[in-house]
Amino acid sequence: MARPSIALVVAVARNGVIGRDNGLAWHLSSDLKRFKALTMGTTLLMGRRTWDSIGRPLPGRRSLVLTRDRSFRAEGAETVHDWESALARAGDRLMVVGGAEIYALALPHADLIHLTEVEAEPEGDVRFPTFDRSSYRETFREAHPAGPRDDYPYAFVDLARLR
């Protein structure tokens, strides 16, 4: 079986923060809409804490929860215990949606990163792993001021791995 295409979907503040207290460190309504549009009809891969923060399966998407806890069950999702198992169950496309440990595991394999650059430096306890941005080519950028339902200005950026 061919390897699925692998994309990361992540919003990262200037200081690398992606989360706080098992949730997001901001509210960006437009980013949530983009997340839905990018991930609808795909297979999502997330860690157990990300699953817990969402609290339910997301409609129109298949969820894989990666955890070391062999007794963990996620109602409405499939549980996997390693990267290879996640790839085997992914189908054609795997959308990695967090958290930090899962992003770190997926980054060396990512074909594409759908990045939201959040123009802020909020407090947070979860950071996106450092990666070599020169290994990617920016294929899309769209800057946005903070709208009425957004905490901060942001930019949507797509990064494609150089081959």
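Residues numbered from 1 in each chain as written. Predicted model: local features only at pLDDT ≥ 70, side-chain atom pairs only at ≥ 80, totals over all residues. Heavy atoms only, no water.

Labelled according to an unreviewed UniProt entry, the protein chain appears under the name Dihydrofolate reductase, originating from Methylobacterium komagatae. The record in UniProt for the protein chain states the following under Catalytic activity (unreviewed entry): "(6S)-5,6,7,8-tetrahydrofolate + NADP(+) = 7,8-dihydrofolate + NADPH + H(+)". What UniProt states about the protein chain under its Function (unreviewed entry) heading is, verbatim, "Key enzyme in folate metabolism. Catalyzes an essential reaction for de novo glycine and purine synthesis, and for DNA precursor synthesis." (UniProt positions renumbered as here; feature names shortened; annotations may be inferred.)

What the eight strands build is an open sheet, ordered S5-S4-S3-S6-S1-S7-S10-S9; its pairing is mixed. Of all the strands in the sheet, just strand S5 (78-80) and strand S9 (136-144) have a single pairing partner and so form its edges. Averaged over neighbouring strand pairs, the angle between their axes works out to 20° when direction is ignored. Pairing analysis gives seven bridges linking strand S1 (residues 5-13) to strand S7 (residues 112-118), with the strands arranged parallel. By the bridge assignment for S7, Val12 is matched with Glu117. Along the sheet, helix H1 (residues 29-39) makes contact with S1, strand S3 (43-47), strand S6 (93-96), S7, S9 and strand S10 (154-161), crossing S10 at roughly 30°. (Pairing = 2+ DSSP bridges. Helix = DSSP H or I, 4+ residues; strand = E, 2+ residues; numbered from the N terminus. Axes fitted to C-alpha atoms, helices over the stretch in contact; angles between N-to-C directions. Contact = heavy atoms within 4.5 Å.)

Those residues carrying the UniProt feature "domain: DHFR" (unreviewed entry) are residues 5-161 in this numbering. End C-alpha atoms of residues 5-161 are separated by 11 Å, and the span's content is 20% helix alongside 35% strand.

This part takes up the nonpolar core. Ranked by internal contacts, the top residues of the largest apolar core, which has 27 residues, are Leu8, Val10, Leu45, Leu94, Val96, Ile113 and Phe128. Broken down by secondary-structure element, the contributors of at least two residues to this core are S1, strand S4 (62-66), helix H3 (83-89), S6, helix H4 (100-106), S7 and S10. The element best represented in this core is S1, accounting for four residues. The residues contacting Leu8, other than those within four sequence positions of it, are Val96, Tyr103, Ala106, Leu107, Ala110, Leu112, Ile113, His114 and Phe128. The next biggest cluster of nonpolar side chains, apart from the first, holds twelve residues, and it includes Ala7, Val65, Ala74 and Met95. (Core = buried A, V, L, I, M, F, W, Y, C linked by side-chain atoms within 4.5 Å. Buried < 20%, exposed > 50% of the residue type's maximum accessible area, 1.4 Å probe, protein only.)

Note: S1 against S6, four bridges, orientation parallel. Along S6, the bridge assignment pairs Ile6 with Leu94. In this structure, S3 lies alongside S6, joined through three bridges in parallel fashion. By the bridge assignment for S6, Leu44 is matched with Met95.

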